[in-house]
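One letter stands for each residue in the lines below.
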Amino acid sequence: MTDSPQQTLDDATAVLRSALAGDGDAVVGAFDAVVDRSGLAGAYGVAWCLAATMVGGSVPSGRCALDFPGIDEAGYDTRWVARFVSAYANADADTGEALFGAAAADGLLPDCLLTLAGSTVATLRSRAA
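Residues numbered from 1 in each chain as written. Predicted model: local features only at pLDDT ≥ 70, side-chain atom pairs only at ≥ 80, totals over all residues. Heavy atoms only, no water.

Asker: Explain the overall build of the protein here, please?
Answerer: What the protein contains, in helices and strands, is five helices and zero strands. Put simply, the protein runs from its N terminus to its C terminus through helices and strands in the order α-α-α-α-α. Taking 129 residues into account, the globule formula puts the C-alpha radius of gyration at 14 Å, and the protein, at 14 Å, falls close to it. Projected onto the principal axes, the alpha-carbon positions of the protein cover approximately 35 × 35 × 30 Å. In the protein, once contacts between residues fewer than 6 apart in sequence are set aside, the share between residues at least 24 apart is 72%. Carbon and sulfur atoms make up 55% of the accessible area of the protein, which totals about 6,800 Å². Averaged over its 7 positive side-chain charges, the protein has a centre that lies 7 Å from the centre of its 16 negative ones. (Helix = DSSP H or I, 4+ residues; strand = E, 2+ residues; numbered from the N terminus. Rg over C-alpha atoms; globule rule 2.2 N^0.38 Å. Contact = heavy atoms within 4.5 Å. Areas by Shrake-Rupley, 256 points an atom, 1.4 Å probe, with all protein chains shown as cover. Lys, Arg positive; Asp, Glu negative; His and termini not counted. Charge placed at Lys NZ, Arg CZ, Asp CG, Glu CD.)

Given below as structure tokens:
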């Protein structure tokens, strides 16, 4: 079962509200609720929505190169977020799905999603400043 676009947006909003409040347990709980209702495909939709929020509406046409200094030394979850957001910015859903599946298979998807939510909040805050 896949969620409606509105349900995905509502779920992403719930994740962001929890992340803005600094409640990591609630972020994980929001993603768990999506998985319980719609499986990993639903959680992927929410993650893709968070990546869209990070990138914003001004994505240039063609390939994008995002700058992530020190990414090779970063932890798995941080590298995952950088690559996932890059996949979104390049409209490369196949890579996004592969990254999502790899993190799930490695048992690290919850950490990656928590980092994605935190990074999205940090991006929103930097834009507001």
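Asker: Please explain the state of the cysteines as it appears in this structure.
Answerer: Linking two cysteines covalently through their sulfur atoms gives a disulfide. According to the stated counting rule, one finds zero disulfides in the structure shown. Of the cysteine sulfurs around Cys112, a residue in no disulfide, the closest is that of Cys49, at 18 Å. (Disulfide = S-S within 2.5 Å.)

Asker: Explanation requested: the pattern of salt bridges in the structure shown.
Answerer: Any two side chains of opposite charge can pair, on the condition that their charged atoms come close. Under the criterion given, the structure shown has one salt bridge. Residue Arg37 is joined to Asp11 by a salt bridge in which the shortest nitrogen-to-oxygen separation is 2.3 Å. Of the two residues, Arg37 is situated in helix H2 (residues 24-55) and Asp11 in helix H1 (residues 5-20); the sequence distance between them amounts to 26 residues. (Salt bridge = Lys/Arg side-chain N within 4 Å of Asp/Glu carboxyl O.)

Asker: Quick question: what am I supposed to make of the side chain of Thr115 here?
Answerer: As for its placement among the helices and strands, Thr115 is situated in helix H5 (residues 109-128). At a separation of 2.4 Å, a polar atom in the side chain of Thr115 contacts the side chain of Asp77. Residues in contact with Thr115, not counting those within four places in the same chain, are Asp77, Thr78 and Val81. (Polar contact = N/O pair within 3.5 Å; in protein donor to acceptor, adjacent residues only side chain to side chain.)

Asker: Please explain H5 as it appears in this structure.
Answerer: Think of an α-helix as turning once every 3.6 residues; residues three or four places apart then point the same way. Spanning 20 residues, H5 covers 29 Å between terminal C-alpha atoms, matching the ideal 28 Å at 1.5 Å per step. Residues Leu109, Cys112, Leu113, Thr115, Leu116, Ala117, Thr120, Val121 and Thr123 constitute the buried set of H5. Where the residues of H5 are buried, they touch H1, H2, helix H3 (76-89) and helix H4 (93-105). (Expected span 1.5 Å × (residues − 1). Buried < 20%, exposed > 50% of the residue type's maximum accessible area, 1.4 Å probe, protein only.)

Asker: Honestly, the packing of H2 against H3 in this entry has me stumped. Any pointers?
Answerer: Two elements in contact, H2 and H3, have axes separated by 9 Å at closest approach and are oriented at 80°. Relative to H3, the element H2 is oriented roughly perpendicular. Judged by residue contacts, Tyr44, Ala47, Trp48, Ala51, Ala52, Met54 and Val55 of H2 engage Phe84, Val85, Ala87, Tyr88 and Ala89 from H3. A per-class count over the contact of H2 with H3 returns 12 nonpolar, no polar and no charged. (Axes fitted to C-alpha atoms, helices over the stretch in contact; angles between N-to-C directions. Parallel < 35°, antiparallel > 145°, perpendicular 65-115°, else oblique. Nonpolar A, V, L, I, M, F, W, Y, C, P; charged D, E, K, R; others polar.)

Asker: Which parts of the structure should I look at to understand the nonpolar core?
Answerer: One recurring pattern in soluble globular proteins is that nonpolar side chains are buried together. Within the largest apolar cluster, 31 residues are counted, with the highest numbers of intra-cluster contacts made by Val15, Phe31, Leu50, Trp80, Phe84, Phe100 and Leu116. Secondary structure elements with two or more residues in this core: H1, H2, H3, H4 and H5. Per-element accounting of this core gives the leading share, 13 residues, to H2. (Core = buried A, V, L, I, M, F, W, Y, C linked by side-chain atoms within 4.5 Å.)

Asker: How do you make sense of H1 when you look at a structure like this?
Answerer: For H1, which comprises 16 residues, the first-to-last C-alpha distance of 22 Å matches the rise-based estimate of 22 Å (1.5 Å per residue) to within 8%. Looking at H1, one finds that the buried residues are Thr8, Asp11, Ala12, Val15, Leu16, Ser18 and Ala19. One side of H1 carries all its buried residues, which in axial view fall inside an arc of 160°. In this structure, the buried side of H1 is in contact with H2 and H5. Directly after H1, the chain includes Gly22, whose backbone phi takes a positive value near 75°. (Arc of directions from axis to C-beta.)

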